[in-house]
Structure formats: C-alpha cells, structure tokens
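Tertiary structure, described
Each chain is listed here by its residues.
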Amino acid sequence: MIKTPSMPQFFTPRLLQVLGLLMLLVLAIVFLHLPAVHVVDNKILDLQFKFSREYFPQQIEIDPVVVGIDEAFLDEVDEPLSLNHIHLAKFLKLMNQAGAKVIGMDLSLPEKRFDTLVSTRKDAQDFHKTLLTGMLETIQTTPVVVAKVWDLKHAHFRNIQLDYAAVLGMQGDQFQAVASAEFCRDSDQRIRRFPGADCQPDRMARGLATEIAAAAGVRQDWSGLINYRLGARYNYVPLQEVFKLAQQVKVAELQQRFGGKVVLLGATMDATDLVDLPVSLAAWLPVNDPNPGVLAHAQLLRSILNQRLLQQASMVSLFVLSGLFALFWLGRSIRIKMMVFVMATLGLLLASTIAMQYDFWLPPTAVLLTGLLAFGSSSAWQAWQHYVDKQRLSKAFSGRVSPAVMQEIVEGRIDQTSQSRRLPVCVLFSDIRGFTTLCEHAQAEDVVSLLNRYFAVMSKIVHDHGGTIDKFIGDGLMAFFGAPQKLDNPAQNAFNASRDMLAALSILNEELQAEGKASLQIGIGLHAGDAVIGQVGSAERHEYTAIGDTVNTAARIEGLCKDVGYPVVCSATVLASLAEADALIALGDKNLKGRSAIAVYGWQPLLA
C-alpha cells in the first residue's frame, strides 16, 4: 500500500519558500494596480519635482510666453470679458506684427455673433466684424489655436460662432485650430499626466497644447507625464502692457519679446480658472496657492516643445523590480536582510530621483511595498519558528536544567562555545541523613519514588529563590545562587531557600508519617565566594556547573551538620551577608577535609 505523506511532510521548508515567493509576486501585481499605491507614488513624484527644481533647475531652449488677462486689465476697459472682441483682435494683430511663431488662446470664443450690440463710444466698432477681421489678417502669417471647453450640463464641447470656426478652419490640416482645454486630473485633482485621448471627454487626443505645438511644427504621438522640472516660474506679460508698447510705438521691443515665440493668452485673475499643480509655477503668487490654468498649458507646452515629457517605467520593468525585492523573503539572517533592505530602499529612491534627471519616472511604492512585505513576513515567519523552537527546546530540557539555565540556553547565551566566567556565588549542598540505612529496607522503586517526591519539593524552593540546581548526587543536591541569574545578595537567597527547604520538609514528613513511612532529616551546608561558572564536558555531552574551592568548601561544611547537630551550617562569609546573623549560633573553628579549619555557624528552626 502506498503511504500518503502527511501535511507537515508535504509542506517542506523549500516548498513553503517557493509558495511564499509566488504569493509575493501575485501581491506585487496587485500593488502595481492599487489606487492607493498610485496616490503615494504621486506624492513622491511631487516631492521629487520640488527637489529637482530647488537643487537641479533645468534650463530649456524653447519657452512659451504667457500673456495674462488680469484684474488690472479688466479695470481699464469698458466691456465685460465676454465682449472683449476688439481687444482680442488688437492682440492678434500685434502678435502677428511682432512675428510670433504661434498664437494660442486659452479662451473660448463667443458662441454668438453679438453684431446687434451697439457701443456708446464715439469710435464704436462692430464687435463681431472687428474680431473676425483680426483673425483673418493674423492667420495669413501666424497660426492661431483657440480653446474649446466642455459643457458638463449638455455633455458636449461648446461650439464657437460659425464665422470664427470657419476662419480658423482655413489654416489647413496640419493642426486643429479649435482644441480641447481639458486636462487629466488624478484622484487628488492635481494635473500631472499628458491629456491624451483616455482623459478627453470626446476621446480625441487633440488638446490645446498639442495643437499649438503642431502649429509650431512639432507633431507626434505624445504620452507620459508633464515635466514640472523644466524652466523657471512664470512671470506673465499683462495684456495692457502689450497695448501700451503698441501705443508707444515700441515695435522693436514687441518683436524682441514675442518674435519667433509661442505666445499663450489666458486668464491670470485671482479667482478664475485655477488649478492644482504639483509645483507652484506662478511667480506672482504664494507657493501653496492654486495656479491659473493657462500655466498648466504653458508647462505642457514646455514639455512638448523641448521633447521632455517624463516617460514612466513600464509595468513589466516595475514587476521585475518588485520580483527582485520579493527575494527578501529568502535568507535566514534578519540582521543582514535588514541592512540590505534599508540600502536597497535608499538605492531605489535615489535611482528614482536620478532617473528623473533623464526625464524618466520610476514609481517606487509598489516595489517598496513588495520588499517590505517580503522582509516583514520573512522576519515574522522566522520569529515564529524561533518561538516554536524555543518552546520545543524548553519542553525537552525543562526537566534537565534549572529554569534560569534553560532561559540562557534558549536566548543563545549558553552553548558549548560559551566561555566560563569567575563569578561570586553562594553554593548550597544538602543530603538526607541515614538514607543508606533507609534504602536497605525498601524496594528500589519505592526509593526512587521517594527521592523524586523529595527533590520535586526542594527543587521548586531553590528555583523560587533564584537558585540554579547543579546536580543531584544520589540523595544529595547541589545548587548555587548568583549565576546565571545575577542576584544582589546570593548568600541571603541561599539562606532563605534553606529555611524554606526545612519548612517544606516538615510538611512532607507529616505526609510520609500519615502514609506509615519513615520521616526524613536533611543537612544543608552553605559557603560563599568566587567560583568558575560555565559549560564543562565535551561537545557531545556537557553540563552547566560551578567549579572551585568555594564548591568544595560548601560540600565539606554540609558534612558537619550531623556532627554539630544543626540542620543548616554556614561559613563566616555567608554570615556576613545575612540579615538574620544574630539568629545563628557560632560553632567555632572546624577542621575540613583537605583544607584548614574555618569558623562555622549553625541555624535551626524554632520549635513550634
């Protein structure tokens, strides 16, 4: 019979890595199309525009001239803006005489003739005829392109008066003389993208700036982002200033300002046709204020005429970059991956900024999100695995070493390569009096059961007082206080543990007597001093222990308990650290095997 592999066997670490990587690549595709990601990319793009304009200003060869209709102009004329036919005709003639290359008008011409209106001025002129004549004279030598605007209510572009449309249409097929003034707006209503067919209401890719550029002899299929890095902030030429130059017969100055230039006429009033741009282009306005829409057309013209539209990285290239950042899912060292991830993030942002200097836009958000998710999920998975391993290790060794030592092993501070250290500790030895005689009259199984019962009680007390059990030696127990857990007063902790051990033994003896078993008596020896603490043994088998004269002395002191008649006997070094020193009895100098006599002190619990 064929054995079907279990789920844990099937999902091997290598398969999990592959599945995780595939999932990250799928998420990378989602990120690349996520609207929220595009919002963040747009904010980064705006910051890069501002940074570039501040520190890497871009000079350009072809710069359109903006002529503005402002409040001052409207104050000087008698007619409302909708009846400025005479002034528009005058402007067209002056630009033609000055030798402008193309005249663009970010204004919508009237839908009606207005030829029935009569002016009260002595030099009254026919509004319609005057503008029509101006247009006819101008288009003979200078191309004219005017804007058309979208009527939201009727869902179509507003038609201009037929005579005007006919005259403008006489300029040929090289460009469309009446073109859309509509822009593409992102979700934050800012204008960043080239207004192609996809964002034109009639789905025709014939915008105002595109047709002005075509009239200037620059025609191609445009796409990309408006390059807001180009050129300085605009200072417009007021329309009334143009008229004053003409009135003063300063033909040469007019030719110098407008000759051979693309001239764009538009509204520069404070509250008319304002748009939100990534950077402030109006030099006469505060930096954070909205800008006149004519400046958006002017900046797009800058980008087109200088062949400098920003080209955005393709989805394929962004996906490849995201795939590279998804590789942060692999690898084991979190610290190294963290360093590499930070460097890669900074490198990507730097590359995106540098690429902009070459008119290339690399949106980084989807790539960074993929990398962050890869690094974060990998780190979380490794942390979980580490936690599981720690729990498994703790469970496997919890009964073999003290909790403090177990914690050090789990945290990686104790292993076979750890260096031994000399530390101040207090060593505790204890054993059961007369245990050999007890074993002679009991079954081995009963003896082991009794020892396990006894050591379970004593071990808990030692651990509760911050001690580390070194080993069990038959019926004896060796422990030390002050390592690996550092204690303020190891001797005090050891003495407190000794008192509680005797108290717990009294309770255990009551249970044993109730079961008809013999009670136990123990002796405890304490000595404080320096000892070498660390791993002892081979790579295959080693233990965490204490070695030195302090350990030997404590063992010898414990051997005195029976002779002196006290259950707890300690050295003078222990006594000096105890708050209960007055409760101990001086037993004089006692000879210890293998060393000179030392002063010892005894303690026993008060009888109830």
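Residues numbered from 1 in each chain as written. Predicted model: local features only at pLDDT ≥ 70, side-chain atom pairs only at ≥ 80, totals over all residues. Heavy atoms only, no water.

Pairing is parallel in the open sheet, where 6 strands are placed in the order β6-β3-β2-β8-β1-β7. Only two strands of the sheet have a single partner each, and these edge strands are β6 (178-180) and β7 (237-238). Across 3 bridges, strand β3 (residues 144-148) lies against β6 in parallel orientation. The residue bridging valine 146 from the neighbouring strand is valine 178, located in β6. (Pairing = 2+ DSSP bridges. Helix = DSSP H or I, 4+ residues; strand = E, 2+ residues; numbered from the N terminus.)

Neither face of strand β18 (residues 568-571) is exposed, since Val568 and Cys570 on one face and Val569 and Ser571 on the opposite face are all buried. The sheet contact formed by β18 and strand β20 (residues 595-603) spans 4 bridges and is antiparallel. Counterpart to serine 571 in the pairing with β20 is valine 600. (Buried < 20%, exposed > 50% of the residue type's maximum accessible area, 1.4 Å probe, protein only.)

On to a nonpolar patch on the surface, then. Nonpolar side chains collect at one region of the surface, where Leu16, Val18, Leu19, Leu22, Trp381, Trp384 and Tyr387 lie side by side and expose about 660 Å² of accessible area between them. Listing elements by their share of the nonpolar patch, those giving two or more residues are α2 (13-32) and α14 (365-397). Locating tryptophan 381 in the fold gives a position in helix α14. (Patch = residues over 30% accessible without salt bridge, like charges linked within 9 Å, V, L, I, M, F, W, Y side chains within 5 Å. Areas by Shrake-Rupley, 256 points an atom, 1.4 Å probe, with all protein chains shown as cover. Salt bridge = Lys/Arg side-chain N within 4 Å of Asp/Glu carboxyl O.)

Right, let's talk about the packing of helix α5 (residues 85-98) against helix α6 (residues 127-138) for a bit. It is at 8 Å that the axes of α5 and α6 come closest, and there the two elements cross at 15°. Here α6 runs roughly parallel to α5, going by the angle between their axes. For α5 against α6, the interelement crossing comes out left-handed. Note on element contacts: α6 touches α5 through Phe127, His128, Thr130, Leu131, Gly134, Met135, Glu137 and Thr138, opposite His85, Ile86, Leu88, Ala89, Leu92, Lys93 and Asn96. The residue inventory of the contact of α5 with α6, partitioned by class, reads 7 nonpolar, 6 polar and 2 charged. (Axes fitted to C-alpha atoms, helices over the stretch in contact; angles between N-to-C directions. Parallel < 35°, antiparallel > 145°, perpendicular 65-115°, else oblique. Left-handed = near helix turned anticlockwise from the far one by under 90°. Contact = heavy atoms within 4.5 Å. Nonpolar A, V, L, I, M, F, W, Y, C, P; charged D, E, K, R; others polar.)

Two numbers describe a pair of aromatic rings. These are the distance of the centres and the angle of the planes. All told, the structure shown has 13 aromatic pairs when counted by the stated rule. Ring geometry for phenylalanine 328 and phenylalanine 341: centres 5.3 Å apart, planes at 90°, overall edge-to-face. Residue phenylalanine 328 is located in the loop between α12 (315-326) and α13 (334-356), and its partner phenylalanine 341 is located in helix α13; the two are separated by 13 residues in the primary sequence. We note that phenylalanine 328, like phenylalanine 341, is buried. Ring geometry for tyrosine 454 against phenylalanine 455: centres 5.2 Å apart, planes inclined by 55°, an arrangement best described as tilted. In this structure, tyrosine 454 and phenylalanine 455 share a single accessibility class: buried. Taken together through their ring pairs, the aromatic side chains of Phe325, Phe328, Phe341 and Phe375 make up a single cluster. One Lys or Arg, lysine 90, reaches over the ring of phenylalanine 243 and ends 4.6 Å from the middle of that ring. Its end group placed over the ring of phenylalanine 157, lysine 148 keeps NZ or CZ at 4.6 Å from the ring centre. (Phe/Tyr/Trp six-rings, centres within 6.5 Å; stacked < 30°, edge-to-face > 60°. Lys NZ or Arg CZ within 6 Å of the ring centre and 35° of its normal.)

This next bit is on the pairing of strand β15 (residues 476-481). The buried fraction of β15 amounts to 6 of the 6 residues, a majority that puts the element mostly inside the structure. Residues Gly476, Met478 and Phe480 of β15 are buried on one face, and the alternating residues Leu477, Ala479 and Phe481, pointing to the opposite face, are buried as well. As defined by bridge partners, strand β13 (residues 421-432) adjoins β15 across 5 bridges and the pair is classed as antiparallel. Within the sheet, the bridge partner assigned to leucine 428 lies in β15 and is alanine 479. Here strand β14 (residues 467-473) runs beside β15; their pairing, made up of 6 bridges, is antiparallel.

Within the secondary structure, histidine 527 is located in strand β16 (residues 522-537). Excluding its chain neighbours within four sequence positions, the residues that come into contact with histidine 527 are Val425, Cys426, Val427, Thr550, Thr553, Ala554, Ile557, Ser571, Thr573 and Val574.

Interpretation note: all reported values are geometric properties and have no functional meaning in isolation.
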